[in-house]
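What follows is each chain in one-letter form.
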Amino acid sequence: MVQLHEMILRDAHQSMLATRMRTEDMLPIADKIDAVGFFSLEVWGGATFDVSIRYLNQDPWERIRQLKKAMPNTPMQMLERAMNTVAYWNFPDDVVKKFIYLAKKNGVDYFRIFDALNDLRNMKIPMKAVKENGGHVQACLSYTISPVHTVDYFVDKFKELGKIGADSLCIKDMAGMISPQRVYDIVKGIKDAGIKLPIDLHSHCTSGMTGMAYQRAAEAGIDVLDTAMSPISGGTAAPATESVVAAFKGTKWDTGYDLELLIEIRKYFLKVWDKYRHLHRFNALKVDPSVTLHQVPGGMLSNLIFQLEEQGAHDKYRDILDETARVREELGYPPLVTPTSQVVGVQAVMNVLHGRYKVVTKETKDYCRGMYGKPPAPIKPEIMKKVLGPKWKDEVIYCRPSDLLKPMWEKRKSELKEHDVKMTEENIMIYTLFPQVGLKFLKGQAKPEFTSDRLPLPIDHEFTRGMVKQSFPEIKQIWLETVPPEQRSGPAQIPTEFEVEVDGEPFEVKVNPTGGFLVAGAAVSQEKPKDVEGGVKSSMQGTILSIKVKKGDKIKEGDVIATIEAMKMEQEIKSDASGEVKDVFVAEGDSVASGDLIIQVL
Ligand code: CO
């Protein structure tokens, strides 16, 4: 028998609906889902915590409490990013332990724990905390393809995870690129090594091979497969639950689940899928086999294309792909998953645009220092020198990254006391993990985003298109764009402010016509200073984070004059001239394009 881990309430809508499914979309069908008998149900963690407070004005703790109550018979599972918990950076041990304690207390039973680099040192603290609180640890390894990621690599690491206290194991193929033979070899390898723990395979349909991989995984003795109910399956999401149940019916892998019950659940989720139709992306539903060739995951690929377009260099696409593979090799073959996909991708873009390692991002430096954990393979000294300079050896840390962090919980708690907020441990955690967005939410200032049914204008209206693009910058190509321009409705001139009603509560939507997404001719170009003698220019497009010099300062060539956030990362802008700063043309928070003047030095 094979069991299924159902993901429609977490990974599926994170993959296809920008994580926007709400608690009220889940509860009406909960009793039916609970009756299926799934191995576990993924309902929490990943991006759901952040998105709930940032975009939905929903309390993530309330969600898990309600779901647990509505589904008492199915283990509730969450995805936990080791020392990052549900955020995107490392936290000290006290915060991670407290987070696990609170998650268990509020209703999480199974904790799926992973680290982007498979650095087991990062996984120990959360794993032990889960055990101490009586939870089930599902220890994950991020799957990738490289000369170091052999079958033995996975088997040995899984063995160690068993020793640390894992209750089950998971191969996390987040990019959806595992091949049938590969998964067979790894699962067989684990079983042959005498590891008795249940093994789960997590994958996505991106490559088109995943259905075959699931079959081969079953043949090798896999215990659990990750699937999602059909309305949010396939493409960048997981294989469909009903299809896998039907495929195994009458075989020795029969799940025993009631297919008719599943079809009833399917009918319900078709309505939920429709409720978020403004988020449907044509490309997310298609197979993208190019991942089998260059191993760059689909999500990262579209991100790279977007970043190249932003930097005005979309003609360099092939070069970037090759460079991404090269940078990944040089950085010791990290699996390409958040945050390492961003480190590798942006450095590759920098290398192609400015010369190899001429501009090195802060994140690449941190990565090479060991601040994310130990790279899977050692980085060659010549690369370390290029990234960190001749004294690179002094910069590297050899300890677990979180060992460098001071306890944070008490500090955050006393900070929050300054505000008029209910002081529960759950609220303190929201603030600790997301200080700005969390505080806004706790103060009741967050507003729920619109859904398709609440759009002020028809879904194919130019304004709707603009509003969706504005609200979901991560969505590069939206379904609506498949409507040919001549069939689109909407006048040439459109308003830029709207009041939208959500559950009787009005909220304002403003569209600033600077992004160029409005109807042709409506985009407004910002006025920038002209070229001047001794002008130092930005070599990239982004937002100025800080300015390090002022008028009258004497600076030397190579001095850092400003920092800029470009491609979601912090970078330094250095002066290419020496002299006195005669003028500063930008302020903190300004958006600049590649070639815009930053300062004048004479
Ligand atoms: Co996934």
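Conventions and cut-offs
- Residues numbered from 1 in each chain as written.
- Predicted model: local features only at pLDDT ≥ 70, side-chain atom pairs only at ≥ 80, totals over all residues.
- Heavy atoms only, no water.
- Helix = DSSP H or I, 4+ residues; strand = E, 2+ residues; numbered from the N terminus.
- Buried < 20%, exposed > 50% of the residue type's maximum accessible area, 1.4 Å probe, protein only.
- Contact = heavy atoms within 4.5 Å.
- Expected span 1.5 Å × (residues − 1).
- Salt bridge = Lys/Arg side-chain N within 4 Å of Asp/Glu carboxyl O.
- Axes fitted to C-alpha atoms, helices over the stretch in contact; angles between N-to-C directions.
- Parallel < 35°, antiparallel > 145°, perpendicular 65-115°, else oblique.
- Left-handed = near helix turned anticlockwise from the far one by under 90°.
- Nonpolar A, V, L, I, M, F, W, Y, C, P; charged D, E, K, R; others polar.
- Donors = N, O, S within 2.8 Å, 3.2 Å for Na, K, Ca; no water.
- Pairing = 2+ DSSP bridges.
- Arc of directions from axis to C-beta.

Caption draft 1: Representation of the side chain of D109. Here D109 is to be found in the loop between α6 (93-106) and β4 (110-113). For D109, a relative accessible area of 17% gives the class buried. Ignoring any residue separated from it by four or fewer positions in sequence, one finds D109 in contact with K68, T74, P75, M76, G135 and H136.

Caption draft 2: Just helix α9 (residues 180-192), in detail. The first and last C-alpha atoms of α9 sit 18 Å apart over 13 residues, in line with the 18 Å expected at 1.5 Å per residue. Along α9, the residues that are buried comprise P180, V183, Y184, I186, V187, G189 and I190. Note on α9: the residue one or two positions beyond its end, G194, has a positive phi of about 80°.

Caption draft 3: Here's a closer look at the pattern of salt bridges. A complete count under the given rule lists 33 salt bridges for this structure. Here D322 and R318 are joined by a salt bridge, their closest N and O atoms 3.9 Å apart. Linking D322 with R318, this pair stays in helix α15 (residues 317-330), spanning four residues, or about one helical turn. Residue E580 is joined to K582 by a salt bridge in which the shortest nitrogen-to-oxygen separation is 3.8 Å. Of the residues examined, K582 reaches a relative accessible area of 37% and is grouped as partly exposed. Connected via shared salt-bridge partners are E323, R326, E330 and R356.

Caption draft 4: Representation of the packing of helix α7 (residues 120-132) against helix α8 (residues 151-164). The contact between α7 and α8 brings their axes to 11 Å, and the two run at 30°. Considered as vectors, α7 and α8 are oriented roughly parallel to each other. Pair α7 / α8 crosses with right-handed handedness. Where α7 abuts α8, its residues L120, M123, K124 and M127 lie against K157, E160, L161 and I164. Of the residues that constitute the contact of α7 with α8, the class distribution is five nonpolar, no polar and three charged.

Caption draft 5: The coordination of the cobalt ion, seen in detail. At this site the cobalt ion is bound by D11 (OD), H202 (NE2) and H204 (NE2), with donor distances of 2.1 Å. Since its relative accessible area comes to 5%, D11 is described here as buried.

Caption draft 6: Seen up close, the sheet that holds strand β13 (residues 554-555). Strand order in this open sheet of four strands is β11-β18-β16-β13, and the pairing throughout is antiparallel. Every other strand in the sheet has two partners, leaving β11 (535-537) and β13 as the edge strands with one partner each. Note: β13 against strand β16 (residues 579-584), two bridges, orientation antiparallel. Across the sheet, the residue bridging to I555 is G579, located in β16.

Caption draft 7: Molecular detail of helix α20 (residues 409-417). Where α20 is concerned, the buried positions are W409, R412 and L416. For α20, the arc enclosing every buried residue in end-on projection is 70°, short of the 170-degree limit, so these residues lie on one face. Projecting away from the buried face of α20 at angles above 90 degrees are the exposed residues E410, K411 and K417. Elements that come into contact with the buried residues of α20 comprise α6, α21 (425-433) and α22 (435-442).

Caption draft 8: Inspection of unusual backbone geometry at higher detail. Residue A18 is not a glycine yet carries a positive backbone phi of 50°. Located in the positive-phi region is N57, a residue other than glycine, with phi close to 50°. Among the secondary structure elements, N57 is positioned in the loop between α4 (48-56) and α5 (60-70).

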